[in-house]
Amino acid sequence: MIQKGPFRALFSWLRHGIGQRKDMGRLIIISNRLPFSLDKDGDKVSLRQSSGGLVSAIKSYFENTAAQRGDLTEKLWMGVADFPQEDWDQVVAAHAEEQDFGLLPVFVDKEAYDNYYNGFSNSVLWPLFHYFSNLANYENQYFDAYVQVNQQFAEQLVPLLEPGDQIWVHDYQLMLLPHLIRSKKPEATIGFFLHIPFPSYEIFRLMPTEWKKTLLHGVMGADLIGFHTYDYVQHFLQSVKMLLGVDNYFHNLQYQNRLIRIDLFPIGIDYNKFHQEANDPEVEEIRNKIRESLDDKKMIFSVDRLDYTKGLMQRLSGFEYFLERYPEWREKMVFILNIVPSRDSIPAYNDRKKMIEEKIGTINGRFSTISWQPLIYRYNHLPFKDLVALYQAADAALITPLRDGMNLVAKEYVASSLGRGVLILSEFAGAASELSEAILVNPTDTADVASSITRALAMPLYEQRNRISLMQRRLQEYDVFKWVNDFMDQLAQVKQEQLKQQVKVLDDKAVQGIRRHYQRSRNRCLLLDYDGTLVPFSRIPSEAAPDNAVKELLTRLSSDEKNHVAVISGRDISSLDRWLGTFPITLVAEHGASFRPRNGSWQQMVSVSDLWKEEIRRVMQLFVIRCAGSFIEEKTNTIAWHYRNTQGGLGFSRSRELLNTLSQLIQNTSLQVIDGNKVVEVRTAGFDKGATALKIVGEMDPDFVLCMGDDTTDEDMFKALDGEAYTIKVNNGASSAHYTILSQQQVVPLLNSLTQPVAETASHNEGASLPSTAAGTSSLTSPAAQNETL
């Protein structure tokens, strides 16, 4: 019987002990710009905090020492300085000492920065990622500058890095930076967070091929990649699958032999900072003055940056239609619209500002009276206390972007509320998934916007309070401090998982330990994959019969009454019966769908109609026609499309298309798509090799378990048997298995070595070509060997 406690504990020591967590060290925040701008008034120099959700979030975290992780030794912020280096050297560096964090300024050539920021970042990525593909301007010089500036960041940062540094790269301007750092510092701990939407694959693919692949490759240099919403996560995973050929397991994926996690982290705000301002006398005074000036009129409030993604023109059209459709609200309400200046240097933004102001003039001209003006417009930065006072004074907040990564204005309004007020929010804002008690609208539907305004203004106070309290509770639970700590905790967790997955080549010392445990045991279980493990892959599946060496091995292993051998394969029943049916071993066909116990008869583990195959077969047949050399293999419970014999690039490309097509087709069904080794397979969900392996081991209660496999489907066994078995992956690559052997040709010699007496092992191994201990390979003692002393 397996001593599960010590056995599992020793595996844990082996896999985790080498990576015990140390102090976090320095936290290095990297964004496009430093979090402040320089204002000069004569000889006087002052630093003004930049606007934006990232700056507000991170600065709030840095300023609140009570909420910070205790393992931070230093906090640094790296970004482009929007002032000359002379000003930094003479003046700004002194002011920087007043900050709660160190500063690492990057000084970029003006022309390069213009092409990088106004060019690629805001004329390609920004419009494309916000679904304004018609506004994207694909200029080669923009992309060249983007690469250049990202490289400048990396070249300046890498020499400064120290062991234990945690690097957190932010946003779309620096999507290449994680890989550039990784290429110089392979062991670095890197997180990346995208603050804007990640578009669907159909939008992302519009970008030139080299660019989009380079961007994904750049981001995948990070250990943890964060997005605001579940949709953005799924869009990213889909693009990675289609363009890089990397599939995911839940939110994890393997890329270049490294585990990467992609997850959602909806950015929060400093809830208490806004909520507690209600008690500030200055805020209360400003709020009262606003309310007094309205003469009991209802107030709608909007504040947004000047950007086409914010839907300001559509918002004004919706408000105009409200005044037309619901004349009873005229002279009973006021709409205050505050636009924050943004990207004034770009002509298109100035043109948009003129359009907005003309529209405002039209609305006021149509509906104003001598004593009433429906719309009050401001174009300036709002001081914090004025902003909170306006939030609190408003009866409704109208926040209707056409597309927004999150939209913290909506959260700020809710947090500032005194228990009254209604949030009208675009369903296309990332915050809509969290703030479901808001009135959600389609910003392009003027009738919807208009009816939502009248609904908000007429909403009973008890309903306002109920909606606001539910949203406030949610925002309070996941504020900006929780957001940062959640991200950093998961980043540390990913690094621990990577240590578990470090490839450990099975060396002589580990083999000796496994062999000693094998020979000492009395009830052994050997779980073996077939194709790619016991036998090499064949161009034609029907020709993959076992050779004499495999037959002799199975005869030797199965003749030992202490052994229970199980071949767990994706093959169909007829193939396994024809090749292995005469051996007294357990056979598992189609990944667990069919099961033949040792010396027993075949049993069907699933019983479902196979009518689904017709639809799947029709789709696969189209891909056979489109991809020469591919073919369909049909089994009892599965149907597979093989592309091992196709031209490499074409077969892989078609497999990505097929995976995408099938994934969409089988939604809301009991089917599952498997991306295997040169094969795409569809099977009934509910069974896999892992569940079957656990069933066999559970019924045997053995004191020795060995599991070997080479494919994606074998990872189910490795994960299911973690801590219960020696798991060995055939061929190199990241895996959940404890050990790796580098070639299928080493499988039979390894298994033969287990049956040899100790004295014969050395001579047997001389011809076995088993992996030898070499630089960079693991020489850790096996858990079984260490278990001898327990």
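Because the structure is a prediction, the values reported are computed rather than measured.

**Student:** How do you make sense of the sheet that holds strand β28 (residues 726-730) when you look at a structure like this?
**Tutor:** Two modes of strand pairing occur in sheets, parallel and antiparallel, and in both the strands are linked by backbone hydrogen bonds. With respect to topology, 8 strands assemble into an open sheet ordered β22-β21-β20-β19-β18-β27-β28-β29, the strand pairing being mixed. In the strand order of this sheet, the two ends are held by β22 (603-604) and β29 (739-741), each with one partner. Both strand β21 (residues 594-596) and β22 contribute to a ladder of 2 bridges, which runs antiparallel. Note on β22: the bridge partner recorded for Phe595 is Gln603.

**Student:** Quick question: what am I supposed to make of the state of the cysteines here?
**Tutor:** Linking two cysteines covalently via their sulfur atoms produces the bond known as a disulfide. In the structure shown here, the tally under the stated rule is 0 disulfides. Free of any disulfide, Cys707 has its nearest neighbouring cysteine sulfur in Cys525, separated by 8.7 Å. What makes Cys707 buried here is its relative accessible area of 0%.

**Student:** Please clarify how the confidence of the model for the protein should be interpreted in this entry.
**Tutor:** Any segment with low pLDDT has predicted coordinates that should not be analysed in fine detail. Summing up the model confidence of the protein, the mean pLDDT is 86 and the portion of residues at 70 or higher is 88%. Taken together, the stretch residues 1-22 has pLDDT below 50 and engages in 53 contacts with residues farther than four places along the chain or on a different chain. Across residues 759-790, where pLDDT falls below 50, the model places 70 contacts with residues more than four positions away in sequence or in other chains.

**Student:** Help me understand the pattern of salt bridges in this model?
**Tutor:** Two side chains bearing opposite charge may form a pair once their charged atoms approach each other closely. One pass over the full model with this rule turns up 34 salt bridges. Where Arg315 meets Asp304, a salt bridge forms, and the shortest distance between an N and an O atom there is 2.7 Å. Within this pair, whereas Arg315 is found in helix α12 (residues 312-325), its partner Asp304 is found in strand β12 (residues 298-305), the two being separated by 11 residues in sequence. Here Arg315 matches Asp304 in class, with each residue buried. In this structure, the salt-bridge partner of Glu634 is Lys613, at a minimum N-O distance of 3.9 Å. One end of the pair, Glu634, is in strand β23 (residues 631-634); the other, Lys613, is in helix α22 (residues 612-626), with 21 residues separating them in the sequence. Classification of Glu634 as partly exposed rests on a relative accessible area of 38%. Ionic contacts of the salt-bridge type, sharing partners, join the residues Arg182, Asp223, Arg258 and Lys495 into one network.

**Student:** Looking at this structure, how should I read empty space enclosed by the protein?
**Tutor:** A water-sized probe rolled over the atoms picks out the places where empty space is left. What the rule picks out here adds up to 2 cavities of 30 Å³ or more. Taken as a whole, the largest cavity holds about 380 Å³ of empty space. In terms of lining, the largest cavity is formed by 25 residues, of which the most central are Asp531, Phe537, His642, Val679 and Asp711. A class-by-class count of the residues in the lining of the largest cavity yields 6 nonpolar, 8 polar and 11 charged.

**Student:** Any chance you could explain helix α13 (residues 347-367) here in plain terms?
**Tutor:** Within an α-helix, residues lying three or four positions from one another point in the same direction, as the helix has 3.6 residues per turn. In this model, α13 (21 residues) spans 31 Å end to end at C-alpha, consistent with the 30 Å of a helix rising 1.5 Å per residue. For α13, the complete set of buried residues consists of Tyr349, Ile356, Lys359, Ile360, Ile363, Asn364 and Phe367. For α13, the angular spread of the buried residues around the axis is 130°, confining them to a single face. Opposite the buried face of α13, at more than 90 degrees from it, the exposed residues are Pro347, Lys354, Glu358 and Gly365. Among the structural elements, α4 (110-129), α12, β13 (333-340) and β14 (375-379) are those in contact with the buried residues of α13.

**Student:** Looking at this model, I keep getting lost on unusual backbone geometry. Mind explaining?
**Tutor:** Phi is mostly negative for residues that are not glycine, and the peptide bonds are mostly trans. Of note, the phi angle at Asp295 is positive, near 55°, even though the residue is not glycine. Following the sequence through the fold, Asp295 ends up in the loop between α11 (281-294) and β12. A positive phi is found at Asp296, a non-glycine position, where the angle reads about 65°. Topologically, Asp296 is positioned in the loop between α11 and β12.

**Student:** What's the story with the pairing of β23 in this structure? I'm lost.
**Tutor:** Note on strand geometry: in a regular strand, side chains alternate between the two faces of the sheet. Strand direction decides the pairing type here: β23 and strand β24 (residues 638-642), joined by 4 bridges, are antiparallel. Bridge pairing in β24 links Glu634 to Ile639. Hairpin connection between β23 and β24: a loop of 3 residues separates the two successive antiparallel strands.

**Student:** Help me understand the nonpolar core, please; the structure alone is not making it clear to me.
**Tutor:** As a rule of thumb, soluble globular proteins bury nonpolar side chains together. Judged by nonpolar contacts, the single largest core of 174 residues is most densely connected at Leu423 and Trp483. When residues no more than four places from it in sequence are discounted, the contact partners of Trp483 are Ala57, Ile58, Trp168, His170, Phe193, His195, Phe265, Pro266, Ile267, Gly268 and Tyr478. With 38 residues, the next largest nonpolar core counts Leu528, Leu557, Val730 and Leu751 among its residues.

**Student:** Teacher, can you tell me more about the packing of aromatic side chains here?
**Tutor:** Note on aromatic pairs: each is described by the distance of the centres and the angle between the planes. This structure, assessed with the given rule, holds 33 aromatic pairs. Ring centres of Phe198 and Phe236 lie 5.3 Å apart, and the angle between their planes is 85°; on these two criteria the pair is classed as edge-to-face. Taken as a pair, Phe198 in the loop between β7 (189-193) and α7 (201-204) and Phe236 in helix α9 (residues 230-244) lie far apart in primary sequence, 38 residues in all. Phe236 shares its class with Phe198; the two are buried. Where Phe704 meets Tyr726, the ring centres are 5.6 Å apart and the plane angle is 40°; that geometry is what we call tilted. Placement of Phe704 in strand β27 (residues 704-709) and of Tyr726 in strand β28 is noted, with a sequence separation of 22 residues between them. Among the aromatic residues, those joined into a cluster by ring pairs are Tyr113, Tyr116, Tyr117, Phe120, Tyr138, Phe143, Tyr146 and Trp211. The ring of Tyr379 has Lys353 lying over it, and the distance from NZ or CZ to the ring centre is 4.6 Å.

Reading the values: the criteria
Here the residue numbering is sequential within each chain, running from 1 through the sequence in written order. Confidence filtering applies because this is a predicted model: local features only for residues at pLDDT of at least 70, side-chain atom pairs given and counted only at 80 or more, and all residues used for totals across whole chains, interfaces and linings. As a rule here, side-chain values come from all non-hydrogen atoms in the structure, and water together with hydrogens is ignored. Two strands are counted as paired when DSSP detects at least two bridges linking them. Comment: elements are numbered from the N terminus, with helices defined as DSSP H or I runs of at least four residues and strands as E runs of at least two. Note on terminology: pairs of cysteine sulfur atoms within 2.5 Å are recorded as disulfides. Each residue is placed in one exposure class: buried if its accessible area under a 1.4 Å probe, protein chains only, is under 20% of its type's maximum, exposed if it is over 50%, and partly exposed if it falls in between. Residue-level confidence of the predictor is summarised by pLDDT, bounded by 0 at the bottom and 100 at the top. Contact definition: two residues touch when any of their heavy atoms are within 4.5 Å. Think of a salt bridge as a Lys or Arg side-chain nitrogen and an Asp or Glu carboxyl oxygen that are within 4 Å of each other. Buriedness of a pocket was judged along seven lines, with at least five required to meet protein on both sides within 12 Å; pockets are open sets of points on a 1 Å grid over the protein atoms alone, cavities are sets where a 1.4 Å probe fits but cannot get out, and lining residues have an atom within 4 Å of a point. Grid points are joined across faces, edges and corners, and a volume is the space filled by probe spheres set on the points. Charged residues are taken to be Asp, Glu, Lys and Arg, nonpolar residues to be Ala, Val, Leu, Ile, Met, Phe, Trp, Tyr, Cys and Pro, and polar residues to be all remaining types, Gly included. Take the number of residues in a helix, subtract one, and multiply by 1.5 Å to get its expected span. The directions considered for the arc run from the helix axis to the C-beta atoms. Residue types Ala, Val, Leu, Ile, Met, Phe, Trp, Tyr and Cys, when buried and joined through side-chain atoms within 4.5 Å, form a set referred to as a nonpolar core. Side-chain rings of Phe, Tyr and Trp (the six-membered ring for Trp) are treated as a pair once their centres are within 6.5 Å; stacked means planes under 30 degrees apart, edge-to-face means over 60, and tilted covers the remaining angles. Either the NZ atom of lysine or the CZ atom of arginine qualifies as a charge over a ring when it sits within 6 Å of the ring centre and within 35 degrees of the ring normal.

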